[in-house]
Amino acid sequence: MIRVLACAFAALALTFGASAAQAASPLMTFANVSNDGPAGNGDNEVDIAINPTKPANMIAGWNDYGVGNSCGVGFTTDGGKTWRTDWLRGMTPAGGNPTYDYGAGDPSVGFLNDGTAIFTCNAWSNKKPTAIFVTTSKNGGQTWAAPQKVADAATKAGNLDHPMMTIDHYGNRALIAYTAWSGLQANSYGLVSDSSGTSWSGPYRIAADYKSNAPDVFDVSLAAARDGTIYSTAGIWQHVQEWSEQAVVVSQLRPGETAFTHSVKVRDLVPAPMTFPNESWRTSMQASIGVGSGGTVYELTGDNVSGHLHMYLAKSTDHGASFPTQLQLTSGTRDQIMPWLSVTPGGRVDTVFYDYDEASGLMDMVYGQVAARSSTMSRTIVQSGIDGDAQPPRGPGGSPFMGDYLGVDSVPGVVAVSWTGVGPVSQDAFAATIKP
């Protein structure tokens, strides 16, 4: 069943804002993508991608806890004004695959240079090891090929987590970073597709040469440079279950190499608390990475060193050998949750994050922009008044789940953002387009 959903400005509390340094960017479209009930059916971990051949065509993916217990998927052909939504088959019992009976989620989406859409989704089982699936679409997300398994855990006790996919538009290939862990040890890996998105190489171990007293490599993402080098960013944790991220590291997989090495510590980190005071939803400060056409590497992370969770942008102009530029993009008494970036070839950094007010317990979803060669970030508030504790599961014994990431993608003239937001019945998947 495919549902058609339209924009809904009037039904939502929508405000705009900007930093004193720069003016806000104009919002072009705003839509509740999933807009589904019942109240216990929240949607989260929403990712979005723009078709580079037809920017009016976009796709989105999210954790959907409805009848399919799978990844929700949506597409638009009118620039985000209306969306058609469904859920991905082939990975859960409701979708014809009885093996992965625990459900599927952790979606990530992208487009190759020829307009081929790619969707990755994690699948869990009570019977078999965790697996990562990939599917492609040749018609802008209207229909999808049978999912292809590209990785699975070594044993049933293991778990593959956070399969974050990014697109290398310089080399026309998809990149997937993920973590394999059992609660005792976490190592992370990268996969690299061909130009069709259907053949994959790897896994390549991330930060394989990095040595520290923290044993776990977690919270990973990838980006590629024009020269074919793939850069990874990774959080170094004492133990993942202790919420104790200690540092963020950038590594490289150069053409012909078989592991991400040449590792450089970008900065030491003070981790945010797992939950803020009087809140049940959990925080996230996972780093993300991008590379401009000139080879400058950009790494965005959260850091609680000031006593509040703020955003820091590091830059390397020597191909990842050092990161001497460390820009503090935010300050004050509010906390910035789940920052994520997209870097244009010209070096503009587009970001998306939740801006949390501890006094009210509410969040704004914000688009931030750091212009090329700028050291300040402008802000546009896309949606305000988001209550993380309203996200299911609610009540005694429940831990509301906002997810661990938001979505952002950009092409010349358009930035698309996605998030878990305030819907009329439950927390839903939202998307907006912005003129940068």
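Each value, and the rule that gives it
- Residues numbered from 1 in each chain as written.
- Predicted model: local features only at pLDDT ≥ 70, side-chain atom pairs only at ≥ 80, totals over all residues.
- Heavy atoms only, no water.
- Helix = DSSP H or I, 4+ residues; strand = E, 2+ residues; numbered from the N terminus.
- Buried < 20%, exposed > 50% of the residue type's maximum accessible area, 1.4 Å probe, protein only.
- Areas by Shrake-Rupley, 256 points an atom, 1.4 Å probe, with all protein chains shown as cover.
- Lys, Arg positive; Asp, Glu negative; His and termini not counted.
- Charge placed at Lys NZ, Arg CZ, Asp CG, Glu CD.
- pLDDT = per-residue confidence, 0-100.
- Contact = heavy atoms within 4.5 Å.
- Pairing = 2+ DSSP bridges.
- Disulfide = S-S within 2.5 Å.
- Polar contact = N/O pair within 3.5 Å; in protein donor to acceptor, adjacent residues only side chain to side chain.
- Axes fitted to C-alpha atoms, helices over the stretch in contact; angles between N-to-C directions.
- Core = buried A, V, L, I, M, F, W, Y, C linked by side-chain atoms within 4.5 Å.
- Salt bridge = Lys/Arg side-chain N within 4 Å of Asp/Glu carboxyl O.

*Asks:* Honestly, the overall build of the protein chain in this entry has me stumped. Any pointers?
*Replies:* Per the secondary structure count, the protein chain includes zero helices and 29 strands. For the protein chain, buried positions account for 60% of its 436 residues. With an accessible surface of roughly 15,500 Å², the protein chain has 53% of that area assigned to carbon and sulfur atoms. Seen as two clouds, the 25 positive and the 37 negative side-chain charges of the protein chain have centres 6 Å apart.

*Asks:* Even after reading the chapter, I still don't get the confidence of the model for the protein chain, so can you show me in this structure?
*Replies:* Close inspection of predicted coordinates is inappropriate in any region flagged by low pLDDT. Per-residue confidence for the protein chain gives a mean pLDDT of 91, with 94% of residues at or over 70. Scored below 50 in pLDDT, residues 3–22 makes 60 contacts in the model with residues more than four places away or belonging to other chains.

*Asks:* Looking at this structure, how should I read the pairing of strand β11 (residues 159–168)?
*Replies:* The side chains of a regular strand alternate, residue by residue, between the two faces of the sheet. Most of β11 is tucked away: nine of the 10 residues are buried. One ladder, built from eight bridges, connects β11 with strand β12 (residues 173–181); its direction is antiparallel. Its bridge partner being in β12, Thr166 is matched across the sheet by Leu175. Hairpin connection, β11 to β12: the antiparallel pair is bridged by four residues, and Asn172 has positive phi, about 55°.

*Asks:* Would you take a moment to explain the state of the cysteines for this structure?
*Replies:* By definition, a disulfide links the sulfur atoms of two cysteines through a covalent bond. One pass over the structure, following the stated rule, counts one disulfide. Sulfur-sulfur distance for the disulfide between Cys71 and Cys121 comes to 2.1 Å. Judged by the torsion about the S-S bond (95°), the Cys71/Cys121 disulfide is right-handed. Separated by 50 residues along the polypeptide, Cys71 in strand β5 (residues 70–76) and Cys121 in strand β8 (residues 117–124) bring together distant segments of the chain. We classify Cys121 as buried; its relative accessible area is 1%.

*Asks:* Help me understand the side chain of Asn57, please; the structure alone is not making it clear to me.
*Replies:* Positionally, Asn57 belongs in the loop between β3 (43–50) and β4 (58–64). Take Asn57: its relative accessible area is 7%, and that puts it in the buried class. A polar contact is formed between the side chain of Asn57 and the backbone oxygen of Thr76, at a distance of 3.0 Å.

*Asks:* When you look at the sheet that holds strand β17 (residues 245–253) in this model, what are you seeing that I'm missing?
*Replies:* Picture the strands of a sheet paired through backbone hydrogen bonds; they go either parallel or antiparallel. Read from one edge to the other, the open sheet built from four strands follows the order β15-β16-β17-β18, with strand pairing classed as antiparallel. Edge positions in the open sheet fall to β15 (216–224) and β18 (261–268), since each of these has one partner strand only. The sheet shows a mean angle of 25° between the axes of neighbouring strands, taken without regard to direction. Bridge analysis of strand β16 (residues 230–237) against β17 gives eight bridges, and the strand direction is antiparallel.

*Asks:* Would you mind going over the sheet that holds strand β27 (residues 407–411) with me for this structure?
*Replies:* Here we have four strands laid out as an open sheet, ordered β2-β29-β28-β27, and antiparallel in their pairing. Strand pairing shows two members of the sheet lacking a second neighbour, β2 (27–32) and β27, which therefore form its edges. Strand-to-strand twist in this sheet, taken as the mean axis angle between neighbours without regard to direction, amounts to 20°. Here β27 pairs with strand β28 (residues 414–422) via five bridges, running antiparallel.

*Asks:* How should the nonpolar core be read in this particular structure?
*Replies:* A general feature of soluble globular proteins is that nonpolar side chains tend to end up buried together. Core analysis: the biggest nonpolar cluster contains 43 residues, and Ile337, Tyr354, Met365, Val382, Val417 and Trp419 have the highest contact counts within it. Ignoring sequence-local partners within four residues, the contact set of Ile337 consists of Phe276, Trp281, Thr283, Ser284, Leu309, Phe353, Tyr354 and Tyr356.

*Asks:* Can you walk me through the pattern of salt bridges in this structure?
*Replies:* Per the stated rule, a full pass over the model turns up 11 salt bridges. A salt bridge links Arg334 to Asp355; the nearest nitrogen and oxygen atoms lie 2.8 Å apart. Taken together, the residues span a long stretch of sequence, with Arg334 in the loop between β22 (325–328) and β23 (335–343) and Asp355 in strand β24 (residues 349–357) at a distance of 21 residues. A relative accessible area of 25% means that Arg334 is categorised as partly exposed. Note that Asp355 is salt-bridged to Arg379, the shortest N-O span being 3.8 Å. You can see Asp355 sitting in strand β24 and its partner Arg379 sitting in strand β26 (residues 378–386), a full 24 residues away along the chain. We classify Asp355 as buried; its relative accessible area is 6%. Each of Arg334, Asp355, Asp357, Asp364 and Arg379 takes part in one network of salt bridges that share partners.

*Asks:* Can you help me understand the side chain of Asp216 in this one?
*Replies:* With respect to the helices and strands, Asp216 occurs in strand β15. Arg205 provides the closest opposite charge to the buried, salt-bridge-free Asp216, at an N-O distance of 8.7 Å. Engagement of the side chain of Asp216 in a polar contact is seen with the backbone nitrogen of Ala186, the distance being 2.8 Å. Setting aside residues no more than four positions away along its own chain, Asp216 makes contact with Leu184, Gln185, Ala186, Gly235, Ile236, Trp237, Gln238, His239 and Val240.

*Asks:* Hey, could you run me through the environment of Asn97 in this one?
*Replies:* Locating Asn97 in the fold gives a position in the loop between β6 (82–87) and β7 (103–111). Sequence-distant contacts of Asn97, that is, excluding residues within four places in its chain, are made with Gly90, Met91, Thr92 and Phe133.

*Asks:* Before we go on, may I ask you to explain the environment of Ser418 in this structure?
*Replies:* As for its position among the elements, Ser418 is in strand β28. Among the residues examined, Ser418 registers a relative accessible area of 0% and is labelled buried. Considering only alpha carbons, one finds Ser418 and Tyr367, 51 residues apart in sequence, at a separation of 9.9 Å. Apart from the residues within four sequence positions on either side, Ser418 is in contact with Val46, Asp47, Ile48, Met365, Leu406, Gly407, Phe430 and Ala431.

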